[in-house]
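Structural features, examined
Given next are the chains, with one letter for each unit.
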Amino acid sequence: MRQRGLLVLAVIVSAVTGRAQTPSAAQPQGTADLTKVTAVIRCGAAWDPKVGMDRNVTILVSGERIRNTISQTAKSVVEGSRVAAPPGATVIDLPDHTCLPGLIDTHTHILLQGDITADDYDRQLLKWSPEYRTILGTQSARKALEYGFTTIRDLETEGAGYADVDIKKAINAGVIPGPRMQVATRSLDVTGAYPLLGYAPNVPVPHGVQVCDGPDACRKAVREQIMYGADWIKVYSDRSYYIDPNPPPGVGPPPVLNDIPTFTIDELRAMVDEAHRQRHKVASHATALNGVHNSVEAGVDTIEHGDYISDADIRLMIQKGTYYVPTLYVGEYVAEGRAKAGAPVWLEMTKISAETFRRALKAGVKIAFGTDAGGFDWNINPAVEFELRVKYGQTPAEALRSATVTASELLGMPKDIGTIEPGKLADIVAVKGDPLSDITVLEHVDFVMKGGVVFKKQ
């Protein structure tokens, strides 16, 4: 009986401290070394992509990282230790909440404040200074964090230069609150393909991207952006979308959304080669047939939007491990306004993108969570995307995985974020209710911790 009691005590110490203990080395209950625990979070439930949903979970935080988790299965053993928080540790009780890993949005624009029409976009580039846009960008970053997105990939500044790099630096230095960021700075497109467009030839206007033409010039542009702080290179691979009444042979299923490709395949390959050579990844804005096909052939790492992807390109994406980042909500948000402004194809694009999402999901493409927030107003919670993901075929658990572990893999950060595990960064959010039963509860995050620091608690 005495040895059995020592074994139970060893389990207590191991669960609380994260260190394996032998019975002979066990300490009495309540005397385990908790000096490094800085916060104790007690969750009514917790969901993790690796273990699913569990009840009565306690998360121990040490500095910026998770020290250990204590689940329902160990509750009878560790009940005494879990209530004895060490002196100075913050105790956070969330008995009616579900805790989750911090959410990850892999497609945002913190320096853009909505652009349903060309007028919305032109106003921001022509009438707002880069300094003013940067100030607004800091507010967008704060909103993203408060919505529960502890990490974002911001895919270009839309004419605001390298302001995303500076906002990232300010967040990392603790000057302003915001999610951890990976940034794409200026993005790349060809002459005549990206706004601002339609102005007189003698009127110089800014562009929302860095323009480059030819493999050598585009390779140089990649080098320049990396030099100034780009984590990702973003390219615009197509434009001018239309429903093709006579699609190329073998392409399907209809309706086929076609496009005008921007970069040549040689230009795309040069940019991908240069980025990969410098250990950076490439995100491709590829909405329709040619843009997606050329991007996948050139070896980009992610397809952004992908409203239409042929079955052949879906198979190629699986073969190459290319990630798919659909942005369903923004398409529906802008469709009516853009149709009224003279582009009725956007009404059809929402239906096509939903069907493409279903086909990609069924085929097994790696799907990560992205919203294009900034393409819609930052006062709208980007978590509205979750409901559409579930509506068009994902289970709530699959949608959550896309915004946690899958997104962390896309960003190359699976060792740090995406799950609630010992050693990971303490990025933890909480909602009332069960997101597996009602995915819309993710639109009401009450608690946000990033790197062990509480940024929101209601």
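Conventions used here
- Residues numbered from 1 in each chain as written.
- Predicted model: local features only at pLDDT ≥ 70, side-chain atom pairs only at ≥ 80, totals over all residues.
- Heavy atoms only, no water.
- Helix = DSSP H or I, 4+ residues; strand = E, 2+ residues; numbered from the N terminus.
- Buried < 20%, exposed > 50% of the residue type's maximum accessible area, 1.4 Å probe, protein only.
- Contact = heavy atoms within 4.5 Å.
- Areas by Shrake-Rupley, 256 points an atom, 1.4 Å probe, with all protein chains shown as cover.
- Patch = residues over 30% accessible without salt bridge, like charges linked within 9 Å, V, L, I, M, F, W, Y side chains within 5 Å.
- Salt bridge = Lys/Arg side-chain N within 4 Å of Asp/Glu carboxyl O.
- Pairing = 2+ DSSP bridges.
- Right-handed = clockwise from strand over helix to strand, strands pointing away.
- Core = buried A, V, L, I, M, F, W, Y, C linked by side-chain atoms within 4.5 Å.
- pLDDT = per-residue confidence, 0-100.

Once that is clear, we can look at the overall build of the chain. Looking only at helices and strands, the chain has 14 helices and 19 strands in total. A buried classification covers 55% of the 458 residues belonging to the chain. Across the chain, every contact between residues at least 6 apart in sequence was considered, and the portion connecting residues at least 24 apart equals 69%. On the chain, roughly 18700 Å² of surface is accessible, and the fraction owed to carbon and sulfur atoms is 53%.

Let us look at a nonpolar patch on the surface. A cluster of nonpolar side chains, contributed by Leu-126, Tyr-199 and Val-203, occupies part of the molecular surface with about 240 Å² of accessible area. For Tyr-199, the location among the structural elements is in the loop between strand S8 (188-189) and strand S9 (210-211).

Relative to the assigned elements, Pro-255 resides in the loop between strand S11 (238-244) and strand S12 (256-261). Residues Pro-255 and Ile-243, spaced 12 residues apart in sequence, show a C-alpha to C-alpha distance of 6.7 Å. Among residues more than four places away in sequence, those in contact with Pro-255 are Ile-243, Tyr-308 and Ile-352.

What follows is about the pairing of strand S7 (residues 180-183). Residues Arg-180 and Gln-182 line one face of S7 and the alternating positions Met-181 and Val-183 line the opposite face, and both faces are buried. Note that strand S6 (residues 149-154) and S7 share 4 bridges and pair parallel. Within S7, the position partnered with Asp-154 by the bridge is Val-183. Each parallel crossover has a hand, and the one from S6 via helix H5 (residues 163-172) to S7 is right-handed.

Our next topic: the nonpolar core. Counting 86 residues, the largest nonpolar core has Leu-188, Ile-233, Phe-263, Met-271 and Phe-386 as the members making the most contacts within it. At 7 residues, helix H11 (residues 345-363) tops the list of elements feeding residues into this core. The contacts of Ile-233, once residues within four sequence positions are left out, are Leu-188, Val-222, Gln-225, Ile-226, Ala-275, Lys-281, Val-282 and Ala-283.

Per-residue confidence for the chain averages 91 on the pLDDT scale, and 90% of its residues sit at or above 70. Counting contacts from residues 1-32, a segment whose pLDDT is below 50, to residues more than four positions away or on other chains yields 48 contacts. Segment residues 75-83 is flagged for pLDDT under 50; beyond a separation of four residues in sequence, or across chains, it makes 16 contacts in the model.

Time to look at the pattern of salt bridges. For the structure shown, the criterion picks out 23 salt bridges. Arg-277 serves as the salt-bridge partner of Glu-274, at 2.5 Å between the closest nitrogen and oxygen. Within this pair, Glu-274 and its partner Arg-277 are both found in helix H7 (residues 265-277), separated by 3 residues, close to a single helical turn. When its relative accessible area of 0% is taken as the criterion, Glu-274 is described as buried. Residue classification places Arg-277 among the exposed positions, given a relative accessible area of 52%. Between Glu-355 and Arg-358 there is a salt bridge; the shortest N-O distance is 3.4 Å. Placement of the pair is Glu-355 and Arg-358 together in helix H11, with a separation of 3 residues, close to one helical turn. The class for Arg-358 is partly exposed, based on a relative accessible area of 34%. Each of Arg-219, Arg-223, Asp-273, Glu-274 and Arg-277 takes part in one network of salt bridges that share partners.

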